[in-house]
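# Residue-level structure breakdown
For reference, the chains in residue letters:
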Amino acid sequence: MASPPPPPDSRSPGVLYWAPRLSLGALALAFLIHVNHPASSFSLFGPSTGTSHADSAITTAKTYCYTSVKTAAGSTKEADCFSISADGKFTKVFHSAEDVLVVGDNDYYHNEDGSPSAIVETREGHVIPGIWDGHGHLIQYGEFLHSVDLFGAKSGEEVRERMVLGEMPSAAMLDSDPALKGKYIMLDRVDVHCTWVSQAILDLIPPESLPEDVPGGEIIREPGMGVFCDNAMDIVTSLWPKPDAERKKTFLKSAMKELHKVGLVGMNDAGVTPTDLEVFEEASRNEDWWTLRVYAMVECGERNTFCPFEADAVKTVHDDGMLTIRSVKLFADGALGSWGSAMIDPYSDKPSTRGSLLVNGSTLESLARSWSNAGYQVNIHAIGDLANRYAIDALEAALKDACPAGTPLKTCQNASHRFRIEHSQIIHPSDQARIRDLGIIPSIQPTHATSDMAYAESRLGPERTAKEAYRMRSLIHDLQVQPVLGSDFPVEPPNPFEGMYAAITRKNPHTGKGKDGKSDEGWYTDEALSLEEALAGFTIGVAGGMFTEGKTGVIQEGAFADWVVLDEPLEVLAVSGEDRKGWEGLRKIKVRETWVGGRKVYDREEEEKKERMVLKENGEGLREDL
């Protein structure tokens, strides 16, 4: 098996790394003389904007200069400055050495005709384009942040312990614990395809209403009742008291704040009901805390149905790019971990089953055609190879309906439709070729491969794993398709640098280890990506999957002014160790700043100051500078 791509040798950064430092150093020196303040503490050509969580809206054009600016994944353009307009878009991207700086009473960069172009502010740090998560769940992540976190719990005892110590309204689990006995609790499996409920909830369900078989789902009865998977989950989720609109706004606000901390400027929300989309629409237009760009996929209140009147009521594309609703999410199957992925052949470790289709192939095709004809991008959840085959069948049928006679389906798909398969985890070789021929976009979560690697080969067997599962590099190099990369948060943590690490090393980003939790070897590294390919997947790849190429995921004229600031260049931070040859630094990156539409939405230094103040107020810190 091939090794993962080697990181760049960062011991000698070279001219491109130092040139921006030298030019900005000269600028800083000029203004040290001019105003006698450190360059990092003032707005170079105007008053400081401060470091609030979300700076006030831009009222005039402005230019920012950093130590270096990476304009796009794979780009060699040299830049360290950019100008942004009052409406939050890049208007100019350039290198300070190429522009004339005039020092005087007004302190401006000047246009060729001598007129002042914009106020200029220098800031320390190294810029990369704003990062997107290509597949997540925003309200669910916010709810997760307000719930007991059971991620990583290794035993029932640890689950009970966390439940007792955690804060969870009306929650209980195992009746064997006196502190939880008789309470109502519903625990989601990490992939959200099964839920585990307490006896108190089971008592609410009349025994006669529990069917022996559930189409597209399963009720687990051994060693005892309590676990419901896929379509069977509807039996218990209907009993759950739903949060109201204000509570959902609390979830959204919390989620956005946390996502900005890891450098996310936007996300694709993979399945939002029309009712929740009404909350999105109202909040995105009226709430100052709505600082994350959201590309939302409609999911009907009743999954896998056609609800055009509900969807059309919330369909929207905001001019400022903060909310777009023009796609739909359908579901073909369940998850691999619970043997719910629909497979062509039986599971290797459970030959009695081939998983579950949540909807039959003909219905999926009919839904895809109906939604496409109604003007929606169609995105289908598919994990198993049978589910992926049916998803491709459905999308091909929709393209044949929608595309003009004589136009190649791939050309039509790329130009107008951009149909996607969400997860694209296990794909038969013959169907991989169909994805190439049709131009269907795979939407992939690299950390799913590293989370599943402990059991995936047991489920699938070595041959099926090697030829079909968790493809990444071959999609780009063999199939010539650009995947969308994401995390599926809260199923996985949302940190995109951990996702890049998983894509490059095929190792667990939480431990830095391989399949057995001990090895330093990555898992099926033939499918590993390079750093530039991984960054592209979280930037320009997502843009292509939502029709915003040239507008998001890049720093160029006309794009939305979104960027992330790091302490060092990404390629330097990514590597670690004395020989600077490992990738361990990538999974440990801490974002310095995150900006959306020219507005600072996260500042690490300010957040750390707030945390120190809280510790001091709580008597946990002795000095403010600790």
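The preceding data block contains the structure.
These notes cover the structure that comes with them. Here the structure is a predicted model, which is why all the values come from computation and not from measurement. (Residues numbered from 1 in each chain as written. Predicted model: local features only at pLDDT ≥ 70, side-chain atom pairs only at ≥ 80, totals over all residues. Heavy atoms only, no water.)

## Some thoughts on the pattern of salt bridges
Rule in force here: Only one rule defines a salt bridge in this text: a Lys or Arg side-chain nitrogen within 4 Å of an Asp or Glu carboxyl oxygen. Here the term buried applies to any residue with accessible area under 20% of the maximum for its type, exposed to any over 50%, and partly exposed to those in between, with areas from a 1.4 Å probe on protein chains only. What counts as a helix is a DSSP run of H or I of at least four residues, what counts as a strand is a run of E of at least two, and both are numbered from the N terminus.
A full pass over the atoms with the stated rule returns 38 salt bridges. Taking the shortest distance from any N to any O, the salt bridge between E121 and R123 comes out at 2.2 Å. Assigned by exposure class, E121 and R123 land together as buried. Put simply, K507 and E584 hold a salt bridge, and the shortest N to O gap is 3.8 Å. Highlighted residues: K507 in the loop between α17 (496-505) and α18 (531-537) and E584 in the loop between α20 (570-573) and β23 (593-596), separated in sequence by 77 residues. On the accessibility criterion, K507 (11% relative accessible area) is buried.

## Some details on the state of the cysteines
Just so we agree on the cut-off: Defined by distance alone, a disulfide is two cysteine sulfur atoms within 2.5 Å.
Summed over the entire model, instances satisfying the criterion amount to three disulfides. The partner cysteine of C300 in its disulfide is C307, sulfur to sulfur 2.1 Å. Taking the torsion about the sulfur-sulfur bond, which here is approximately -95 degrees, the covalent link between C300 and C307 counts as left-handed. As far as the burial class goes, C300 and C307 line up, both buried. In this model C403 forms its disulfide with C412; the gap between the sulfur atoms is 2.1 Å. Taking the sign of the torsion about the S-S bond as the criterion, the disulfide between C403 and C412, at about -95 degrees, is left-handed.

## Thoughts on the pairing of strand β20 (residues 441-444)
Two faces belong to every sheet, and in a regular strand the side chains alternate between them. For clarity, the cut-off: One requirement defines pairing of two strands: DSSP has to find at least two bridges between them.
Side chains I441 and S443 project from β20 onto one buried face, and the interleaved P442 and I444 project onto a second face that is buried too. As defined by bridge partners, strand β19 (residues 420-423) adjoins β20 across three bridges and the pair is classed as parallel. What sits directly across from E422, in β20, is S443. Pairing of β20 with strand β21 (residues 484-485) involves two bridges; the strand directions are parallel. Opposite S443, over in β21, you have V484 as the bridge partner.

## Quick look at empty space enclosed by the protein
Using the following cut-off: Within this scheme a cavity is a closed region of a 1 Å grid, computed over the protein atoms alone, that accommodates a 1.4 Å probe without allowing it to escape, whereas a pocket is open but has protein on both sides within 12 Å along at least five of seven lines; lining residues each have an atom within 4 Å of a point. Grid points are joined across faces, edges and corners, and a volume is the space filled by probe spheres set on the points. In the scheme used here, Gly and all other residues not listed as nonpolar or charged are polar, with Ala, Val, Leu, Ile, Met, Phe, Trp, Tyr, Cys and Pro taken as nonpolar and Asp, Glu, Lys and Arg as charged.
Per the stated rule, a full pass over the model turns up two cavities of 30 Å³ or more. Here the largest cavity is characterised by a volume of approximately 50 Å³. Around the largest cavity sit H423, S424, Q425, I444, Q445, P446, H448, A449, Y470, R471 and M472, which together line it. No other element matches helix α13 (residues 446-452), which puts three residues into the lining of the largest cavity. Grouping the amino acids of the lining of the largest cavity by side-chain chemistry returns five nonpolar, five polar and one charged. Of the volumes computed, that of the second largest cavity is approximately 30 Å³. T447, G486, S487, P493, N495, P496, G499 and F538 are the residues that line the second largest cavity.

Scope: geometric values only; no functional claims are made or implied.
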